[in-house]
Amino acid sequence: MTEAPANHVASEAGLPVISSPAEEHIFRILVVDDDLAICHLLVSALASDIVDVISANNGASALERIAGESCDLIILDVMLPDMSGLDLCRKIKADSKHQGAAVIMMSGLDAPTVQVEGIGLGAVDFLSKPFKIIQLRDKVQQYLDKKQHLVPRQADLEKETRQAHRALKETHNLLNALMDHSPTVVTIKDVHGRYLQINQVFKNLFNKSGKSLIGLTDYDIFDKAIADKMRKKDEEVLSSRAATEFEESISYDNTISFYLSVKFPLLDSLQQPYAICTISTDITERKRVEERLFFLATRDSLTTLYNRSYWNDSLASLIREGGAGAVMYLDLDNFKVVNDTLGHAAGDRVLVMISKIMIEEAGEQYVVARFGGDEFVVLLKHASQQEAEEFGNRLQERLARTTFSEAGQNFHLSFSVGIALVDGQSSIKEVMAQADMAGYAAKKKGGDRVEVFKPERMRLADLRHDMHWSQRISEALRSNRFEVWLQPIVRFADRKVAYYETLIRLRDADGDVIGPNAFLPVAERTGAIQNMDRHMIQMSCKLLAKNEGLSLSINLSAQSIDDPSLMDFIEEQFRAYNVEPSRAIFEITETLLVSDLLQARQMIERLQGQGFLFAIDDFGAGFSSIGYLRNLLVDTVKMDGSLIRDIAQDKVNQTLVCSVIQVADLLKMRTVAEYVEDDQAAKILQGLGVHYGQGYFFSPPKPAKVFGLLTT
């Protein structure tokens, strides 16, 4: 139904063409009127290069015309044949594509309620029929002027939105790539413990089924005990809203692994946690190395019993706490015969067997250690004298029942056992001295017995023992019966002798050779060691003077290092024999260097300034070591036998030796491996980069003349 005759819309000639915005945009206008003449007139009047005008004669046709794409402006008559303009406007606006379209309504009726309802539906203006075309053109132009500012901004927003979506996707892809290529385990769980995201490492480790783990919890993947611990940590992080770092062990598929994990909450805009991120680094190998290092630092490398350092700490702890107990010192009787007749390898096997017997008898209640050679100690915490004696006798009986077999020979061994009681008052040195004296008393009585320290008897016996050996040492020095024996230090590159280490031996009146273990402890206690050191320095100078091209390493004791006149003595002797200082290498133990670093440095710096060389001996025995190398200013590092023994089978020791070599090379120090016992060890050490080797594989210690050197 028409509202007014066609002439209610007056046409005018010379109307300006609707102008184009700065950036060309084709505007789409829909004209809806049941009067075809009005439709044709408006289409003709509004169309231009930048305005596309379409028309419809009823509501259904209008909806069909704009079904495919949106319109910028809709001009419609309020009265249409199939529905009202208001209903049509309502339907158009219900479509999201057209919610941004402006609406201008035309009506021949003056109905304020219609206008109010139209505004409520989104109409921007009303035209009352009859109206002039120029009026409509002005309104359309005004709308397009506004629209031309909105269109570029809308395009910018769309562009920015696309860029934001692209950046978000790229960030998401980057995070996924970082997670999947990270060597660590990375997971994200929601606050209920359900996995939201996991990386490839996690899948490889904990997804044996191949099924998706997203949405599962720790209880679906791990044992309940493990899952309980994980959930507890998650709840702690959610509660504190702070990151936490911790070590954890995870058992999965019959394998236990160790991880260093960091957990932290992910917070929303209101600072509320909505997820938990966990980053876990596998430290299993590091933990194994640490355990191995601790084992090496606290255990004897041959027998796996505790070593001197750990045992001393245990005794110190007992004394510090005021606890009671007993200390037992055990020395094998006639063990030297085993070493001399069957060889050191056989002797080592016997020591291992004896250690197993001691562990079986001691169980978990006593601390058993090997101090070196054939000397053992036991700390019997909270034991009485009677309990200690019973344990000692039990060991003796067990050894008496044990037959040792080596190289087709059967033999039995026994202990000389000394016991000292711990009362919480005596120092470590006092208790050890008492046990040592008791053991010496047992040895003096023929061995294979247990003696308890008794002050009134033991101190006198010890004094007599020291006095006896002190007299023998003095007599040996006067009569020149201390001999210089040599052990070659071989260059791995060509297997030729580079130089020799000097070792002291005592030849008694009967012509028998006595090893250093018999007299060095007494010499150290009485101070005679200083004269013995000077004797060895003088004898070494004589050897060097008589043998051109020879180089020697000479051991220095702690007492000699503390003697300020020693440096003058060394300089005088080398001048007197006209020997170049560079042919002498003075060896100082690692323990001495670390305990008295300042005193040692002063002597080293002075003598090095004249050309003397220095070596650190037994390096690595205490595992306090590598960091000290930078401060020691030595020329050579002699690695302790505990690092070299079983190096063919011990990968950790190989790693430790490599570490020492790397640091020594950086500091331009030479490296020597002690205790090289076979060709396999020699080849491994050479392959690792060690410069020199020393040990029974090359040669045991022998008199200097055996090596073809001039001695007189």
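Predicted model, so just to flag it, every value in this text is computed and none were measured.

Student: How should I be thinking about empty space enclosed by the protein in this particular structure?
Tutor: Empty space among the atoms becomes visible once a probe the size of a water molecule is rolled across them. Within this structure, the stated rule accounts for 1 cavity of 30 Å³ or more. In this structure, the largest cavity encloses a volume near 150 Å³. For the largest cavity, the lining is made up of 15 residues, of which Phe202, Met230, Ile250, Thr278 and Ser280 are closest to its centre. Listing elements by their share of the lining of the largest cavity, those giving two or more residues are strand E8 (185–190), helix H6 (200–206), strand E10 (244–252), strand E11 (255–267) and strand E12 (273–282). Element by element, the count of residues in the lining of the largest cavity is highest for E8, at 3 residues. Grouping the amino acids of the lining of the largest cavity by side-chain chemistry returns 8 nonpolar, 3 polar and 4 charged.

Student: Where do I start with the packing of helix H12 (residues 344–362) against helix H13 (residues 385–401) in this structure?
Tutor: Describing two packed helices takes the angle between their axes plus the distance from one axis to the other. Between H12 and H13, the least distance of the axes is 11 Å, while the angle of their chain directions is 135°. One way to sum up the angle between H12 and H13 is to call them oblique. For the element pair H12 and H13, the recorded crossing hand is right-handed. Contact residues: H12 offers Ile354, Ile357, Met358, Glu360, Glu361 and Ala362, while H13 offers Phe391, Arg394, Leu395, Arg398 and Leu399. Residue composition of the contact of H12 with H13, by class: 7 nonpolar, no polar and 4 charged.

Student: Would you mind showing me how to read the packing of aromatic side chains here?
Tutor: Per the stated rule, a full pass over the model turns up 20 aromatic pairs. Their ring planes at 85° and their centres at 5.2 Å tell us that Phe206 and Tyr252 sit as a pair that is edge-to-face. Of this pair, Phe206 sits in helix H6 while Tyr252 sits in strand E10, and the two are 46 residues apart along the sequence. As far as the burial class goes, Phe206 and Tyr252 line up, both buried. Geometry around Phe246 places Lys233 over its ring, the cationic atom sitting 4.5 Å from the centre.

Student: Is there a simple way to explain the side chain of Thr217 in this structure?
Tutor: With respect to the helices and strands, Thr217 occurs in the loop between H6 and helix H7 (218–221). Thr217 gets classed as buried once you look at its relative accessible area, which sits at 19%. Excluding anything up to four places from it in sequence, Thr217 contacts Gly193, Arg194 and Tyr195.

Student: Is there a simple way to explain the pairing of E8 in this structure?
Tutor: Taking burial as the measure, the 6 residues of E8 include 6 buried ones, the bulk of the element. Looking at chain direction, E8 and E12 are connected through 6 bridges and run antiparallel. The partner of Val185 across the bridge, within E12, is Ser280. Hairpin connection from E8 to strand E9 (residues 195–198): 4 residues lie between these consecutive antiparallel strands, with Gly193 at a positive phi of about 90°.

Student: Got a minute to help me understand helix H3 (residues 85–94) in this structure?
Tutor: Since there are 3.6 residues in each turn of an α-helix, residues three or four apart along the chain are aligned in direction. Here H3 has its buried residues at Gly85, Leu86, Leu88, Cys89, Ile92 and Lys93. Burial along H3 is one-sided: seen end-on, the buried residues are contained in an arc of 160°.

Student: Sorry, what's going on with H13 here?
Tutor: Compared with the 24 Å implied by 1.5 Å per residue over 17 residues, the 25 Å span of H13 between its first and last C-alpha is a close match. All buried positions along H13 are accounted for by Ala388, Phe391, Gly392, Leu395, Gln396, Arg398 and Leu399. For H13, the buried positions fall inside an angular range of 165° around the axis, keeping them on one side. More than 90 degrees from the buried face of H13, the exposed residues found are Gln386, Ala400 and Arg401. Packed against the buried residues of H13 are strand E13 (325–332), H12, strand E15 (375–381), strand E16 (404–406), strand E18 (415–422) and strand E19 (449–452).

Student: Before we go on, may I ask you to explain the environment of Asp300 in this structure?
Tutor: Examined against the element boundaries, Asp300 turns out to sit in the loop between helix H9 (284–298) and helix H10 (308–320). Along the sequence, Asp300 and Arg370 sit 70 residues apart, while their C-alpha atoms lie 6.5 Å from each other. Excluding residues that lie within four positions of it along the chain, Asp300 makes contacts with Leu305, Tyr306, Asn307 and Arg370. In this structure the side chain of Asp300 is engaged in a polar contact, spanning 2.7 Å, whose partner is the side chain of Thr303.

Student: Before we go on, may I ask you to explain unusual backbone geometry in this structure?
Tutor: Outside of glycine, negative phi angles account for most residues, and trans bonds account for most peptide bonds. With a phi angle near 60°, Asn334 is a residue other than glycine that sits in the positive phi range. Assignment of secondary structure puts Asn334 in the loop between E13 and helix H11 (335–342).

Rules used throughout
Residues numbered from 1 in each chain as written. Predicted model: local features only at pLDDT ≥ 70, side-chain atom pairs only at ≥ 80, totals over all residues. Heavy atoms only, no water. 1 Å grid on protein atoms, 1.4 Å probe; cavity = no way out; pocket = protein on both sides within 12 Å on 5 of 7 lines; lining within 4 Å. Points joined across faces, edges and corners; volume = space filled by probe spheres on them. Helix = DSSP H or I, 4+ residues; strand = E, 2+ residues; numbered from the N terminus. Nonpolar A, V, L, I, M, F, W, Y, C, P; charged D, E, K, R; others polar. Axes fitted to C-alpha atoms, helices over the stretch in contact; angles between N-to-C directions. Parallel < 35°, antiparallel > 145°, perpendicular 65-115°, else oblique. Left-handed = near helix turned anticlockwise from the far one by under 90°. Contact = heavy atoms within 4.5 Å. Phe/Tyr/Trp six-rings, centres within 6.5 Å; stacked < 30°, edge-to-face > 60°. Buried < 20%, exposed > 50% of the residue type's maximum accessible area, 1.4 Å probe, protein only. Lys NZ or Arg CZ within 6 Å of the ring centre and 35° of its normal. Pairing = 2+ DSSP bridges. Arc of directions from axis to C-beta. Expected span 1.5 Å × (residues − 1). Polar contact = N/O pair within 3.5 Å; in protein donor to acceptor, adjacent residues only side chain to side chain.

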